[in-house]
Amino acid sequence: MTHFRTLEWTGSALRLLDQRRLPTETVYLDLGDAPEVAEAIRTMVVRGAPAIGAAAAYGLALAAQRAPAERLLDALEEAAEVLRRSRPTAVNLFWAIQRVMDKVHANHALDADALRALVLSEAHAIAEEDVAVNKRIAQHGQSLVPDGATIIHHCNTGSLATVDYGTALGVIRYAHEIGKRIHVYLDETRPRLQGAKLSAWELNQLGVPHTVIVDGASGFVMRRHKVDLCIVGADRIAANGDTANKIGTYNLALVARAHGVPFYVAAPTSTIDLSIRSGDEIPIEERGADEVACVGATRVVPEGSPVLNYAFDVTPAHLITAIITEAGVVYPPYEEGLARAVRSRSEAR
Ligand code: MRU
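Not measured: the values here are computed from a predicted model. (Residues numbered from 1 in each chain as written. Predicted model: local features only at pLDDT ≥ 70, side-chain atom pairs only at ≥ 80, totals over all residues. Heavy atoms only, no water.)

The subject of this paragraph is the pattern of salt bridges. By the definition in use, this model includes 25 salt bridges. In this structure, the salt-bridge partner of E122 is R99, at a minimum N-O distance of 2.7 Å. With E122 in helix α5 (residues 112–141) and R99 in helix α4 (residues 91–106), this pair connects stretches of sequence that are 23 residues apart. By relative accessible area, which is 6% here, E122 ends up buried. Residue R99 is classed as buried on the basis of its relative accessible area, which comes to 7%. Linked through salt bridges whose partners overlap, the residues forming this network are R99, K103, E122, E129, E326 and R345. (Salt bridge = Lys/Arg side-chain N within 4 Å of Asp/Glu carboxyl O. Helix = DSSP H or I, 4+ residues; strand = E, 2+ residues; numbered from the N terminus. Buried < 20%, exposed > 50% of the residue type's maximum accessible area, 1.4 Å probe, protein only.)

Here is the structure:
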């Protein structure tokens, strides 16, 4: 069992495991207000679509706690805006903020203490549901993971990227837990190395057999070794199934298609954005040049050479074999199945 917690409510603060320091140091930070949470999301103390959604919900709980009664609603609107500006691509962030604010608007007549308690309980609900949803994704995913499978995974989609358990890495972890003999190739995931640092850290603790490869190795690994499937997470899935995920995902999907390897996306329905038709409309975050130009503290790109640092890319739906959600496995064409999966979530609440 993993013995860490990505995020935790202490009663007066949001405690975050500082993912920038892993795997060498385990450091927790206690955050006391919404701007601090927004900054922690921006700087990737906490990262991964479901985890940043839950963190933002607790950011609103902090804002409610700190605001005087007469300013409570205004303070919540302001905090929601600050949190929305932290990172643009993962729709779970906007989904979680909207879910809390819908609750606030529907109950605005409550007194301040009742409203504060309501915001906190909604944040707790988002966090708890995330863990349950991930376990359902893990179970649905098993029909796609044969015993003895060799799997390629990109980025980090495990406990660290969620409140607990994980999405794509949850499917992998569950396969191992129920006794399937699997082996996982972990893309290192340049430039921030979520695969090499975070996924390897998690699979190490869980005892899941794995090997770290550089991102550019996946094609040759598929040629040289038997690879049965690729599985990745998602930051935003458009209504047509186009999927934004960590930069390099699209390349992996193309390589998988070239080798006839199935390519799966695992994500909660909170990652599906039916308001946008295709991946062309997904806002893609660009991050600072130093993430690419420097390896650790050393600059490796010559001064004066420009860098383009897209944090995410979009994999077109036609390269995705299936999308695993908590409502079941959705196959192409995706429009109807994704809409049904989202409906089943709202009906369940
Ligand atoms: O920039 P990051 O580390 O937040 O990107 C994370 C990813 O791209 C994950 O694959 C995605 O958020 C799904 S996590 C369950």
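What follows covers the pairing of strand β6 (residues 210–213). Bridge count for strand β5 (residues 183–187) against β6 is four bridges, and the pairing is parallel. When the bridges of β6 are listed, V184 appears paired with H210. Note on the crossover from β5 through helix α7 (residues 194–206) to β6: the handedness is right-handed. (Pairing = 2+ DSSP bridges. Right-handed = clockwise from strand over helix to strand, strands pointing away.)

We now examine the site of the ligand. Lining the immediate environment of the ligand, one finds 18 residues, of which R47, Q194, D235, N245 and K246 sit closest. A distance of 2.9 Å separates an oxygen atom of the ligand from a polar backbone atom of A49. With respect to the ligand, the side chain of Q194 contributes an N or O atom lying 2.9 Å from an oxygen atom. Here the ligand has 420 Å² of accessible area as a free molecule, and 99% of this is covered by the chains. For the shell around the ligand, the per-class residue count stands at seven nonpolar, seven polar and four charged. (Near = heavy atom within 4 Å. Polar contact = N/O pair within 3.5 Å; in protein donor to acceptor, adjacent residues only side chain to side chain. Areas by Shrake-Rupley, 256 points an atom, 1.4 Å probe, with all protein chains shown as cover. Nonpolar A, V, L, I, M, F, W, Y, C, P; charged D, E, K, R; others polar.)

Turning our attention to the sheet that holds strand β14 (residues 312–315). The mixed open sheet is built from four strands, whose spatial order is β11-β8-β9-β14. Sheet topology places β11 (272–273) and β14 at the edges, where each strand pairs with a single neighbour. With four bridges connecting them, strand β9 (residues 243–246) and β14 associate as antiparallel partners. If you follow T243 over to β14, its bridge partner there is T315.

The N-to-C vectors of helix α2 (residues 49–66) and α5 enclose an angle of 165°; their axes lie 8 Å apart at closest approach. The angle between the axes of α2 and α5 places the two elements in the roughly antiparallel class. Judged by the sense of rotation from one axis to the other, the crossing of α2 with α5 is left-handed. Taken together, the residues of α5 that come into contact with α2 (itself represented by P50, A54, A57, Y58, L60, A61, A64 and Q65) are R116, V119, L120, A123, H124, I126, A127 and D130. In terms of residue class, the contact of α2 with α5 is made up of twelve nonpolar, two polar and two charged. (Axes fitted to C-alpha atoms, helices over the stretch in contact; angles between N-to-C directions. Parallel < 35°, antiparallel > 145°, perpendicular 65-115°, else oblique. Left-handed = near helix turned anticlockwise from the far one by under 90°. Contact = heavy atoms within 4.5 Å.)

Let's shift gears to the nonpolar core. Nonpolar side chains in soluble globular proteins generally cluster together in the buried interior. If you look at the biggest cluster of nonpolar residues, it comprises 49 residues, and the most contacted ones within it are I41, L60, L76 and L83. Counting residues per element, the ones that place at least two in this core are β1 (7–9), β2 (14–17), α1 (34–42), α2, α3 (72–84), α4 and α5. Residue contributions to this core peak at 13 residues, all from α2. (Core = buried A, V, L, I, M, F, W, Y, C linked by side-chain atoms within 4.5 Å.)

Strand order across the open sheet formed by seven strands is β6-β5-β4-β7-β10-β15-β16, with mixed pairing between neighbours. The two strands at the open ends of the sheet, each matched to only one other strand, are β6 and β16 (328–330). Neighbour to neighbour, the strand axes of the sheet diverge by 25° on average, direction disregarded. Pairing of strand β4 (residues 150–153) with strand β7 (residues 229–232), which is carried by three bridges, proceeds in the parallel orientation. Pairing of I151 across the sheet is with L229, part of β7. Docked against the sheet, α5 engages β10 (263–266), β15 (322–325) and β16, running at close to 140° with respect to β15. Docked against the sheet, α7 engages β4, β5 and β6, running at close to 155° with respect to β5.

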